[in-house]
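So you can see what is in the structure, the chains are spelled out below.
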Amino acid sequence: MIIFSKHTLSNGMRLLHHFDATTQMVALNLIYNVGSRDEDENRTGLAHLFEHLMFGGSLNAPQYDDELQRAGGVSNAWTSNDVTNYYEILPAHNVETAFWLESDRLLNLTLSDEAIAVQKSVVIEEFKQRYLNKPYGDLSHLMSALAYTKHPYRWPVIGKDISHIAEASNDEIRQFFHRHYSVDNMVMCVSGNVTFERAVELAEKWFGDIERGNVTPRNLPKEPRQVEARVQRVHREVPENVLSFGFHMCGINNPDYFACDLLSDVLSNGRSSRFYRNLLLKTDLFSDVDATISGRYEPGLFNVFARLRNGVDLEEAKHSIEAELQRLVSEGVEEDELRRYANKYNARELYESVGYDAVADKLCQYELLGDANRINLDPEAYYKVTVDDFNRVAADVLRPDNCSLIYYGPSVEQ
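Predicted model, so just to flag it, every value in this text is computed and none were measured.

## Here we look at the overall build of the protein
From N to C terminus, the protein includes 15 helices and eleven strands. The C-alpha atoms of the protein give a radius of gyration of 23 Å, which matches the 22 Å a tight globule of 414 residues would have. By principal-axis analysis of the C-alpha atoms, the protein measures approximately 65 × 50 × 35 Å. Across the protein, every contact between residues at least 6 apart in sequence was considered, and the portion connecting residues at least 24 apart equals 81%. Approximately 18,300 Å² of the protein is accessible, and the part contributed by carbon and sulfur atoms is 48%. A distance of 3 Å separates the average location of the 42 positive side-chain charges in the protein from that of its 63 negative side-chain charges.

## Some details on the state of the cysteines
By definition, a disulfide is the covalent link that joins the sulfur atoms of two cysteine residues. Using the criterion set out here, one finds zero disulfides in the structure. Unpaired in terms of disulfides, Cys-364 finds its nearest cysteine sulfur in Cys-189, a separation of 5.0 Å. With no disulfide of its own, Cys-403 has Cys-260 as its nearest cysteine by sulfur position, at a separation of 15 Å. Relative accessible area serves as the criterion here: at 8%, Cys-403 is assigned to the buried category.

## Overview of the packing of aromatic side chains
For any pair of aromatic rings, the description rests on two quantities: the centre-to-centre distance and the angle between the ring planes. Following the criterion strictly, the structure yields 15 aromatic pairs and no others. With a centroid separation of 5.4 Å and 90° between ring planes, the pair formed by Phe-55 and Tyr-64 is classed as edge-to-face. Here Tyr-64 falls in the buried class, since its relative accessible area comes to 3%. Ring centres of Phe-127 and Tyr-131 lie 6.0 Å apart, and the angle between their planes is 70°; this geometry places the pair in the edge-to-face category. One end of the pair, Phe-127, and the other, Tyr-131, are both in helix H4 (residues 113-132), four residues apart, so they sit about a helical turn from each other. Assessed through its relative accessible area of 17%, Tyr-131 is described here as buried. Clustering of aromatic rings is evident, with ring pairs tying together Tyr-32, Phe-50, Phe-55, Tyr-64, Tyr-86, Phe-176, Phe-177 and Tyr-181. Arg-233 extends its terminal NZ or CZ atom over the ring of Tyr-407, reaching a point 4.1 Å from the ring centre. Sitting over the face of the ring of Tyr-136, Arg-307 holds its NZ or CZ atom 5.1 Å from the ring centroid.

## Topic: the environment of Arg-348
Residue placement: Arg-348 occurs in helix H12 (residues 335-352). For the pair Arg-348 and Asp-261, spaced 87 residues apart in sequence, the C-alpha separation works out to 13 Å. Not counting residues up to four positions away in its chain, the partners in contact with Arg-348 are Asp-265 and Asn-269.

## A few points about the nonpolar core
Core analysis: the biggest nonpolar cluster contains 82 residues, and Leu-243, Phe-247, Phe-286, Phe-302, Ile-321, Phe-390 and Tyr-408 have the highest contact counts within it. With residues up to four places along the chain from it excluded, the contact list for Tyr-408 reads Tyr-136, Gly-137, Asp-138, Leu-139, Leu-142, Val-234, Arg-236, Val-238, Glu-240, Asn-241 and Val-242. The next biggest cluster of nonpolar side chains, apart from the first, holds 53 residues, and it includes Leu-28, Val-95, Val-123 and Ala-168.

## Section: the side chain of His-164
By secondary structure assignment, the location of His-164 is in helix H6 (residues 162-166). Overall, His-164 belongs to the buried group, its relative accessible area being 11%. His-164 has contacts with Glu-41, Asn-42, Arg-43 and Thr-44, leaving out every residue within four places of it along the chain.

Rules used in this analysis
Residues numbered from 1 in each chain as written. Predicted model: local features only at pLDDT ≥ 70, side-chain atom pairs only at ≥ 80, totals over all residues. Heavy atoms only, no water. Helix = DSSP H or I, 4+ residues; strand = E, 2+ residues; numbered from the N terminus. Rg over C-alpha atoms; globule rule 2.2 N^0.38 Å. Contact = heavy atoms within 4.5 Å. Areas by Shrake-Rupley, 256 points an atom, 1.4 Å probe, with all protein chains shown as cover. Lys, Arg positive; Asp, Glu negative; His and termini not counted. Charge placed at Lys NZ, Arg CZ, Asp CG, Glu CD. Disulfide = S-S within 2.5 Å. Buried < 20%, exposed > 50% of the residue type's maximum accessible area, 1.4 Å probe, protein only. Phe/Tyr/Trp six-rings, centres within 6.5 Å; stacked < 30°, edge-to-face > 60°. Lys NZ or Arg CZ within 6 Å of the ring centre and 35° of its normal. Core = buried A, V, L, I, M, F, W, Y, C linked by side-chain atoms within 4.5 Å.

Written out as structure tokens, the structure reads:
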């Protein structure tokens, strides 16, 4: 059981707190309710760009990292389709430094023409290195564009095209910041060896007098139910051919999400999984087969990825995977198999949640989803998935007409 407290400031900022006496450190975690889904389709990549701009310095802290390092701390950030996360880890007695830095860059972020130009160049280079010039780097981008036709999940977090970042005006970038970065569009968690009273005191001191923003309510288009299989063939000079399957599934707030997560484990988690026993051990077709879920806040994708051995026929490999998926649908799962993977999930979750920093991240995300106490409730939810639930969800998700498939590699003819 994770014990936490909550305090809401008068300006709408939500503060969560978890006390951990076993450490002399503290994590300050902030999640802003903005991700790539909040971008215009003709100007993508801005949410991720701000992950970089937020470290460019502010009025009273021109060198963000220098100030934090002097306090013995480290920081980092990440951006997803749904949110942008920033966090600092530092000695508990210096925690006020993190509050000051986060407050100052929210109020006084340096968004000069020079600062924007520097970070745009950094992001463009990252785009090239990680997605354009890296083997298989564009595969997830292609899948998003194939599987989604309406919802903004159809473009990647880094952006749909380099030109969107390069051509974004400085005014557009500043407007994006002011639309989404505000105290009432953010959740903060303090986790570590700091009392709740001290956390509230510092939050009120550094954020209490910041005015609410003018956040526009999110009104995103819903993705239509897919009723016909989609296929794309992509020739790339990469080491091996791969197959990538994407099936539409529910979002993380849907009760069926837990069955989808267990479905991915039944297929590919460990040596007792279906893919390992039936595809990797019993055939010579694959060097790797994996199933994962996107974990998105809104309806996401259930992904199956297969790396083929040299010389293997693409169609033979495809039919082998499809047969294994349909075998699971037709035969279903047994109670003991389902319970085994629920146990695996909870063992992994228990291990991953012991750190104060992990707790801070999870509490922020759950609060943004509507209930921070899900950090305690979700592990039990996996045990509540029945065999009937699992089989129903598997049959719906793994429908052939719900599938987007990409053939990708040197042997693929477009």
